[in-house]
Amino acid sequence: MKLKMLVLSLVTAVPLLFLSGCEMVVFQPQGPVARSIMELINWSLMWMLLVVVVVFGLFGYIVWKYREKPENMGYEPPEEHGSTVLEIVWTAIPILIVIALTIPTVTTLYDLEDVPAGYEEKEPVVIHVTSADWKWIFSYPEEGIETINYVNIPEDTPVLFKLTSAGTMQSFWVPALGGQKYSMNKMETELYLVADNPGSYMGRNTNFNGRGYAQMEFEVLSQTDEEYDAWVKEVKETAPKLTEEKYMELLKPTHLGRLTYSNTHLAWINHADHDSELVTDPEDYRYHGYQGKIFDQEDKKSNEKDTTDVENNEEDHGGDHSGH
Amino acid sequence: MEVTIVGIKWDEILITGDPIILGSQIAILLTSLGIIGGLTYLKKWKWLWREWITTVDHKRIGIMYIVAAVLMFFRGGMDGLMMKAQTARPEMSILDSQHYNEVFTAHGVIMILFMAMPFLIGLMNVVIPLQIGARDVAFPQLNALSFWLFFSGAMLFNIAFVVGGAPDAGWTSYFPLAGKEFSPGIGNNYYAISLQIAGLGTLMTGINFIVTILKMRTKGMTLMRMPMFTWTTLITSVIIVAAFPIFTVALALMTFDRLYGTHFFTVAAGGSDMLWANLFWLWGHPEVYIVILPAFGMFSEIISTFSRKQLYGYKSMVVSIVAIAVLSMLVWVHHFYTMGSGALVNSFFSITTMMIAVPTGVKMFNWLFTMRKGRIKMTTAMLWSLAFVPNFVIGGVTGVMLAMGAADYQYHNTLFLVAHFHYVLIPGVVFAVFAGLYYWWPKMFGFMLNEKLGKWHFWLFVIGFNVTFMPMFFLGLNGAVRRAYTYSAESGFAPLFMLSAVGSVILAAGFAVFCYNIYWSIRYADRNISSDPWDARTLEWATSSPVQHYNFAKLPEVKSLDAFWYMKKNNEGITLKDEEIEEIHMPSNSGLPFLMCVAFGIVGFFLIFEWHLLAAVSTVLIIAGLIYRSFDYNDGYHIHKDEIRKTESTWKKMEGKVNNHVS
Amino acid sequence: MSANVNTSLPLEYQTEQSRMNILGFWIFLGAEIVLFATLFSVYGVLYKNYAGGPTHQDIFMMKEVMIQTVLLLTSSFTMGVAIWEMRRNNKKGLIGWFILTLLLGAGFLFMEINEFIHYIHEGATMQTSAFLSSLFVLLGTHGAHVTFGIFWATMVIIQIAKRGLTPVTARKTFIIGLYWHFLDVVWIFIFTFVYLKGMVL
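What you are looking at is a predicted structure, and each value in this text was computed from that prediction instead of being measured. (Residues numbered from 1 in each chain as written. Chains lettered and ligands numbered in written order. Predicted model: local features only at pLDDT ≥ 70, side-chain atom pairs only at ≥ 80, totals over all residues. Heavy atoms only, no water.)

K.L.:
Go over the sheet that holds strand E4 (residues 150-154) of chain A, please, and point to the residues and values.
P.N.:
Residues and elements named next belong to chain A. The mixed open sheet is built from five strands, whose spatial order is E4-E10-E9-E6-E7. The sheet is open, and its two edges are formed by E4 and strand E7 (181-183), each paired on a single side. If you compare each strand with its neighbour and ignore which way they point, the axes differ by 30° on average. Relative to strand E10 (residues 217-223), strand E9 (residues 199-205) runs antiparallel, the two being bridged by six bridges. Residue pairing across strands places Tyr 201 opposite Val 220, the latter belonging to E10. Packed on one face of the sheet, helix H4 (residues 225-238) meets E4 and E10 and runs near 130° to E4. (Pairing = 2+ DSSP bridges. Helix = DSSP H or I, 4+ residues; strand = E, 2+ residues; numbered from the N terminus. Axes fitted to C-alpha atoms, helices over the stretch in contact; angles between N-to-C directions. Contact = heavy atoms within 4.5 Å.)

This is the structure we're talking about:
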């Protein structure tokens, strides 16, 4: 029976693929945060595998045994309405499994909100992350430096990422070190990560935000304390200063390579502030197709009623297709 | 160059400069000309108008829904194939990123709202009145309006990519990206307006089916004697009424933001982008159950029929669909655990989400035990239902894994998630509509789909599906994200992406066989078949195939669950005595629903292009339609006894000498 | 379908089709409740986001709102009287009270439009802030419902005048009655949660 074979091959293929999964980034945690999530995932995988084995086994057995064959054509199945006992059993067992999964889920959820266990004594490094289209801006307020599209952190030290966005919503994810969190304009979300060892880890945006989304990656470089201190010192001494005009230029929807500055943009704007100004310009986002009306951004608090009418927009649409 | 007349920028209306889109424009033009030419040449315009466009017959409306859904399946499938081709190798350049974004947005919207929903609503339309022993739905003309509003919305959405620009913010259309601040083109207006029009139709369908099922059941059919598909349709309709108004509001607010500059979801002036996400998923998660519950109902019917056994645990099946419906309203936050709303909120929604696994598990075991001690006949419809079980279990267990808030931080927005929901929606909905189509096709048309081609369709589709989506679980765990139009060679994703692309070709081959099967069966299938070819259990099989327009000459009386099975067994209520024939009252056809479709289409089109004056003026068309309807006192017509006698004796005579095509 | 007539019931419930229409309309009102509940929640999320623009106290005119409330509540009462007249099979009384209801509704609408114009003169437009967007859309949706109700009821009055009280016209009148009372209930919520709460803040 072809069906049976398909089922059998599925049953054997899934665990095999899971074994090969040991090389996948989520299963190779490089820090305590990612490790705690992986432990939770493994715990759930075990239970889910049990469910799969039981249901697939039962399914294969029933379909094989009760299939119609030439010799049982005369068999008329009995009338059967159900069984209260059985139905209680297969309600109760899933409830127990759900409870078994709930408890570690909830404890992990609470743990992830705080400094990872074992690192409470160490003073966390605070890094402000500002996502923009389509780049990541990292500001170190203590150290007074700013990097774009890469972030260096000391190993074995908790790092508190304070996430916000200059415009669209992004999601900050370094799978080797831990789970993700959204970055939103006028909001601040927090994420603790720790790297066990020196190393380079991929980080990226997972929340779709337009044409440049696919390339919105960054590198997390974990360094020894000495290397890290040396890097900070070097940046402070050699990197150029960021000006406000330059910063506004950076926020336009473009791809940038790596950039480094010896001051931070937090001096003039923190996009997490609830009354911070939205500084992006819709005109920069014009692309192909029919162009609609753009409205005044009331953020700029211009009280006079100036309505951007259709005629005005026509002059400058269809211009800059930046980003490629 | 600017060409503006009364504020309309004529040169921007058609999308230019992309060879794929140019090809589509030419293809659309040629197809339209071909259809118009063909209809004129064959002199079929009058037939089309009289038999189909103005019909209020639930069976014909159902068939129109299904035809539209198959076309939309083709469109959405092409979008899917384009995505798979683009990501087959790293750094491919078949599509640029903007085009890819438009393609995955269209794929999502079309597959959920213009394929899955209408396909299911189509089957509901065909089957439900028959299953409950009624002659039509409660409001036949409203039913036609529902279809035509869906059609209007679907057509508007489908022209977006050649006229004016396609929506490109994903099927979830998250703000702030989807707002004017970051998407100033009109593409996303298409999303807001066309889904609004189609959504109105769906809401009316929900109301219509609740009243139909509550009020029009035949004598003796108590609630607990209703077939499972009727039950799931009833609960689905309740979810539609409870959830669709939320979407109506969300889309209206989106329209206000984009067209009139309000600040509901904008980042400026105090708007809240996450408010959109909340409203969207407050509708969107119940929406998932709106498409999955009827599918559960169909599987229940088919598994029971082909195991020759009553559905196991009928009562617990009913309780579990009600439980799923209630829980479906309490889980929406699991779509954005990562927004940082805190451990308490995430814990709550993790628990409610995981709890859905319990009633779903109950259903799973009930299906398995329906087959136990049965005699399982491997028809194509049954094969789809069988394949549903293991595939849906994979979708279900990965769903539980995603439900665990803390673990979701690693799965969110990755291909793991994409694989999960395809493992839920394809086995859950697509397998179901295929199963349902093979199962009810003879009832709709009086001939069967070819079983041999059907099995080719089945195996290609199921294998292709698994090869396409299984690799995505592993890609996701390795850090590959959804909606990215490309990836680097160093990422190491290439082999699995390639495998997935190969799978999609097999999947498409399965769909091609399905289309060929329809063609083959229309041309060559035997017309001389029984009205009950599967030896089925419910009332729709108690009447002729295809079903005569009044459904039943005499409304059947129900004494138990699986009424028709026991009618056959005890040989009662099947024969029609001449004195039982009475005149039957039927509703008249109406062109108004179609005209409303045109009116809504025109107003919607003008709104999408932000031509407010034209839109306001053409709203008069809609108002005129409403006034006409208010003064319309057409009360339908009666079918004469002689006509009923003639129709009934024709199909009953046939029954004696039919061919069996099942075993 | 229509063959199933039960003359022991009130006129609007006599045919099976009428009973189905009335049930269908109740379910529709259920959908309307969800719709307004969503608008109220949106308002509840955004009502303090003034974005530097005018606040509740800056723009609300409580005296006018009180008059609006009285007009609409009275119209709900007169609608009740109209239905009572219908039950007594008094066509003239029905039409009279029905028209009075619509006049009260029109008065309400006139005052609401004036209120909007006043807001706009104060510089409080739908585009000013999230608070005002949600306020205008919540009030506007209710107002649009009242407007629609007035036009719809006018159609039905013409039909009653032309055809007299039949099961069909009686059912149509009864359904508009339900609709009208529903709008009144929504207004009570708006009055409490928007105006009163806004003034207390």
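K.L.:
Tell me what's going on with the pattern of salt bridges, and back it up with residues and numbers.
P.N.:
Evaluation of the coordinates by the stated rule reveals 34 salt bridges over all chains. Residues Lys162(A) and Glu190(A) are paired through a salt bridge, measuring 3.3 Å at the closest nitrogen-oxygen approach. Here Lys162(A), found in strand E5 (residues 159-165), pairs with Glu190(A), found in strand E8 (residues 189-193); they are 28 residues apart in sequence, far enough to count as distant. Classification of Glu190(A) as partly exposed rests on a relative accessible area of 38%. Residues joined by salt bridges that share partners form a network here, namely Glu68(A), Glu76(A), Arg308(B), Arg375(B), Lys377(B), Asp532(B), Asp535(B) and Lys568(B). (Salt bridge = Lys/Arg side-chain N within 4 Å of Asp/Glu carboxyl O. Buried < 20%, exposed > 50% of the residue type's maximum accessible area, 1.4 Å probe, protein only.)

K.L.:
Could you give me a rundown of the confidence of the model for chain A, with the residues and numbers involved?
P.N.:
Mean pLDDT for chain A: 85, with 85% of residues reaching 70 or above. Here residues 300-324 of chain A is modelled with pLDDT under 50, and outside its nearest four sequence neighbours on either side it reaches 43 contacts, counting other chains as well. (pLDDT = per-residue confidence, 0-100.)

K.L.:
Could you give an account of a nonpolar patch on the surface, naming the residues involved and the relevant values?
P.N.:
All names here are of chain B. Taken together, the side chains of Leu 22, Ile 26, Leu 29, Leu 30 and Leu 33 present a nonpolar region at the surface, about 510 Å² in accessible area. Residue position: Leu 29 is located in helix H1 (residues 19-41). The exposure class of Leu 29 is exposed, given its relative accessible area of 54%. (Patch = residues over 30% accessible without salt bridge, like charges linked within 9 Å, V, L, I, M, F, W, Y side chains within 5 Å. Areas by Shrake-Rupley, 256 points an atom, 1.4 Å probe, with all protein chains shown as cover.)

K.L.:
Please provide a residue-by-residue account of unusual backbone geometry, values included.
P.N.:
Cis geometry is found at the peptide bond from Asp133(A) to Trp134(A), where omega equals -10°. With respect to the helices, strands and loops of the structure, Trp134(A) is situated in the loop between strand E1 (125-132) and strand E2 (135-140). Although it is not a glycine, Ala269(B) sits at a positive phi angle of roughly 55°. The buried category is assigned to Ala269(B), whose relative accessible area is 2%.

K.L.:
Could you give an account of the confidence of the model for chain C, naming the residues involved and the relevant values?
P.N.:
Looking at chain C, pLDDT values average 91 and 98% of them are 70 or higher. Interface confidence in the predicted complex, given as ipTM, is 0.93; pTM for the same model is 0.92.

K.L.:
I'd love a proper account of the sheet that holds strand E3 (residues 145-148) of chain A, names of residues and values included.
P.N.:
Residues and elements named next belong to chain A. Pairing is mixed in the open sheet, where six strands are placed in the order E8-E5-E1-E2-E3-E11. One side of each edge strand has no neighbouring strand; the edge strands of this open sheet are E8 and strand E11 (259-261). On average, adjacent strands in this sheet sit at an angle of 20° to one another, irrespective of strand direction. Note that E1 and E5 share seven bridges and pair parallel.

K.L.:
Help me get a handle on the nonpolar core, residues and values and all.
P.N.:
Formed by 348 residues in total, the largest nonpolar core has its most connected members in Phe161(A), Phe172(A) and Phe114(B). The biggest single contributor to this core is helix H14 (residues 415-445) of chain B, with 22 residues. Each residue touching Phe161(A), except ones within four places of it in the same chain, is listed here: Ile127(A), Val129(A), Val151(A), Ile153(A), Phe172(A), Thr189(A), Glu190(A), Leu191(A) and Leu193(A). (Core = buried A, V, L, I, M, F, W, Y, C linked by side-chain atoms within 4.5 Å.)

K.L.:
Please provide a residue-by-residue account of helix H18 (residues 592-608) of chain B, values included.
P.N.:
Residue and element names in this part refer to chain B. If you check H18, its first and last C-alpha atoms are 24 Å apart, about what 17 residues at 1.5 Å a residue would give, namely 24 Å. Of the surrounding secondary structure, the elements contacted by the buried residues of H18 are helix H5 (140-159), helix H6 (187-215) and helix H19 (612-630). Positive phi appears at Glu 610, one or two residues downstream of H18, with a value of about 60°. (Expected span 1.5 Å × (residues − 1).)

K.L.:
Requested: an account of the interface of chain A and chain B, with residues and values cited.
P.N.:
With 107 residues of chain A at the contact, the number on the chain B side is 116 residues. It is Trp90(A), Phe208(A) and Tyr290(A) that lose the most area in chain A upon contact with chain B, and together they represent 10% of the buried surface on that side. Scanning the region where chain A abuts chain B turns up 35 residue pairs in polar contact (both at pLDDT 80 or more). Counted by class, the side of chain A that touches chain B contains 57 nonpolar, 30 polar and 20 charged residues. (Buried area = accessible area lost by both parts, 1.4 Å probe. Polar contact = N/O pair within 3.5 Å; in protein donor to acceptor, adjacent residues only side chain to side chain. Nonpolar A, V, L, I, M, F, W, Y, C, P; charged D, E, K, R; others polar.)

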